[in-house]
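Examining the three-dimensional arrangement
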Amino acid sequence: MTSMSRARVARRIAAGAAYGGGGIGLAGAAAVGLLLAEVQLARRRVGIGTPDRVPNARGLYGNGLPTGGEPPLRLMMLGDSTAAGQGVHRAGQTPGALLASGLAAVAERPVDLGSVAAPGACSDDLDRQVALVLADHGRVPDICVIMIGANDVTHRMPATQSVRHLSGAVRRLRTAGAEVVVGTCPDLGTIERVRQPLRWVARRTSRQLAAAQTIGVVEQGGRTVSLGDLLGPEFAQNPRELFGPDNYHPSAEGYATAAMAVLPSVCAALGLWPAEEEHPDALRREGFLPVARAAAEAASEAGTEVAAAMPTGPRGPWALLKRRRRRRVSEAEPTPSAQPR
């Protein structure tokens, strides 16, 4: 599917989510029977739903850094098993811990990490998760990172419904005063043990949903980072290195790759990224685009950020597309240890 075609589909899904439509699915009707059979086979092969323990990464990171009289920055993780870090054994290997460590190093300030992410969650669980995050009105997070979408695809949730729940979550968090960065739906076509034609369908539907998620998030004042193509080529080339033991969730290296793609956007949302990098770089094909086109391009390229720019124009809302340089874990993670709760 071309980026222009993906932009049209994403715009239609996002419009359906905004205006209450619910009939736009993620896969063509002709493929449904075969897809269902392949999904059941794939579930047995990759072990989806295995009750793996999720490490508890909540706590204070960078606790040896000076506070300057200010409280620690508050980072909250929401979403599914990817946000929770299912598939790794140590708390420090989870994306939340990696992001908190990296943010503490960049901000030179301690970071208090919390998480309400739930393995197996679909986007309709975000209503519950946001309620937990905002239960204490005096402790609204500075930044929320949401990773969601894979289970929406495998559970065949209508894309309009998926985007509606995500947009609502972003709106509530932004209204409360939190910055929001969303890691969009990963490319499920990279799962090694998923066979054709499910692999092609999974890739197509994952990218459609990621593009539609981007439109919904940006319109509510959040920003997105594409995880689809970030993990795609690298997972395809190094499946045994970047997938965990269940062949479905990322390994420690896979989570580090994703977290380091999200970290620059988290820092930028908090005003911590170098000012010179906030201007679009023509050499990296960055710039201002209609939000649907930016969303489609981001869904096809690793680590691409989309954020709101100009309010609207003849072609609708505009967004800034950034291809931020990824930092290695060794460059972003400080030495002070976390104090888990």
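Our subject in this report is the structure included herewith. (Residues numbered from 1 in each chain as written. Predicted model: local features only at pLDDT ≥ 70, side-chain atom pairs only at ≥ 80, totals over all residues. Heavy atoms only, no water.)

Quick word on the overall build of the chain
Within the chain, the secondary structure is distributed over 13 helices and ten strands. Here the chain holds 341 residues, and 55% of them are scored as buried. For the chain, the share of sequence-separated contacts (at least 6 apart) that also reach a separation of at least 24 residues comes to 81%. For the chain, the exposed surface amounts to about 14300 Å²; the carbon and sulfur share of it is 53%. (Helix = DSSP H or I, 4+ residues; strand = E, 2+ residues; numbered from the N terminus. Buried < 20%, exposed > 50% of the residue type's maximum accessible area, 1.4 Å probe, protein only. Contact = heavy atoms within 4.5 Å. Areas by Shrake-Rupley, 256 points an atom, 1.4 Å probe, with all protein chains shown as cover.)

A closer look at the environment of Leu 73
You can see Leu 73 is positioned in strand β2 (residues 73-79). A sequence separation of 70 residues divides Leu 73 from Ile 143, and the C-alpha atoms of the two residues are 8.2 Å apart. If near-sequence neighbours (up to four positions away) are discounted, Leu 73 is found in contact with Leu 103, Ala 107, Arg 109, Pro 110, Val 111, Asp 112, Asp 142 and Leu 272.

A short note on helix α12 (residues 291-299)
Burial within α12 is extensive, with seven of its nine residues counted as buried. Listed as buried for α12 are Val 291, Ala 292, Ala 294, Ala 295, Ala 296, Ala 298 and Ala 299.

Topic: the side chain of Asp 80
Note that Asp 80 resides in the loop between β2 and α3 (81-84). Buried charge without a salt bridge: Asp 80, with Arg 128 as the nearest opposite-charge side chain at an N-O distance of 12 Å. In this structure the side chain of Asp 80 is engaged in a polar contact, spanning 3.0 Å, whose partner is the backbone nitrogen of Thr 82. Setting aside chain neighbours within four positions, we find Asp 80 in contact with Ala 117, Ala 118, Pro 119, Ala 121, Met 147, Ile 148, Gly 149, Ala 150 and Asn 151. (Lys, Arg positive; Asp, Glu negative; His and termini not counted. Salt bridge = Lys/Arg side-chain N within 4 Å of Asp/Glu carboxyl O. Polar contact = N/O pair within 3.5 Å; in protein donor to acceptor, adjacent residues only side chain to side chain.)

Here's the deal with the nonpolar core
With 34 residues, the main nonpolar core has Leu 75, Leu 99, Leu 103, Val 145 and Val 262 as its most contacted residues. Residue assignment for this core shows that the elements contributing at least two residues are β2, α3, α4 (95-107), β3 (111-115), β4 (143-147) and α11 (252-269). For this core, the leading source of residues is α11, giving ten residues. Excluding residues within four positions of it along the chain, Val 145 makes contact with Leu 75, Met 76, Met 77, Leu 78, Leu 99, Val 181, Val 262 and Val 266. Residues Val 163, Cys 185, Ala 210 and Ala 212 belong to the second largest nonpolar core, which totals 23 residues. (Core = buried A, V, L, I, M, F, W, Y, C linked by side-chain atoms within 4.5 Å.)

Looking at the environment of Pro 264
As for its placement among the helices and strands, Pro 264 is situated in helix α11. Linking Pro 264 and Val 225, residues 39 residues apart in sequence, is a C-alpha distance of 9.7 Å.

Topic: empty space enclosed by the protein
Rolled over the atoms, a probe sized like a water molecule indicates the empty space that remains. Inspection of the entire model under this criterion finds two cavities of 30 Å³ or more. Around the second largest cavity, the lining residues are Asp 80, Thr 82, Met 147, Ile 148, Gly 149, Ala 150, Gly 183, Thr 184, Pro 186 and Leu 227. Of the residues contributing to the lining of the second largest cavity, the split by class is five nonpolar, four polar and one charged. (1 Å grid on protein atoms, 1.4 Å probe; cavity = no way out; pocket = protein on both sides within 12 Å on 5 of 7 lines; lining within 4 Å. Points joined across faces, edges and corners; volume = space filled by probe spheres on them. Nonpolar A, V, L, I, M, F, W, Y, C, P; charged D, E, K, R; others polar.)

Examining the packing of α4 against α11
To describe two helices that pack against each other, one gives the angle between their axes and the distance between the axes. At a minimum axis distance of 9 Å, the contact between α4 and α11 shows a crossing angle of 40°. Taken together, the axes of α4 and α11 lie oblique to each other. By crossing handedness, the relation of α4 to α11 is classed as right-handed. Facing α4, whose interface residues are Pro 95, Leu 98, Leu 99, Gly 102, Leu 103 and Val 106, α11 presents Tyr 255, Ala 256, Ala 259, Met 260, Val 262, Leu 263, Val 266 and Cys 267. (Axes fitted to C-alpha atoms, helices over the stretch in contact; angles between N-to-C directions. Parallel < 35°, antiparallel > 145°, perpendicular 65-115°, else oblique. Left-handed = near helix turned anticlockwise from the far one by under 90°.)

Let's talk about the environment of Arg 74
Structurally, Arg 74 can be placed in strand β2. For Arg 74, a relative accessible area of 15% puts it in the buried group. Between the C-alpha atom of Arg 74 and that of Ala 178, which follows or precedes it by 104 residues, the distance is 9.6 Å. Excluding its chain neighbours within four sequence positions, the residues that come into contact with Arg 74 are Asp 112, Arg 139, Val 140, Pro 141, Asp 142 and Ile 143.

Let's talk about helix α5 (residues 126-133)
Within α5, burial applies to Leu 126, Gln 129, Val 130 and Val 133. Buried positions in α5, seen along its axis, are confined to an arc of 100° and lie on one side of it. Residues of α5 that are buried sit in contact with β2, β4 and α7 (159-176). (Arc of directions from axis to C-beta.)

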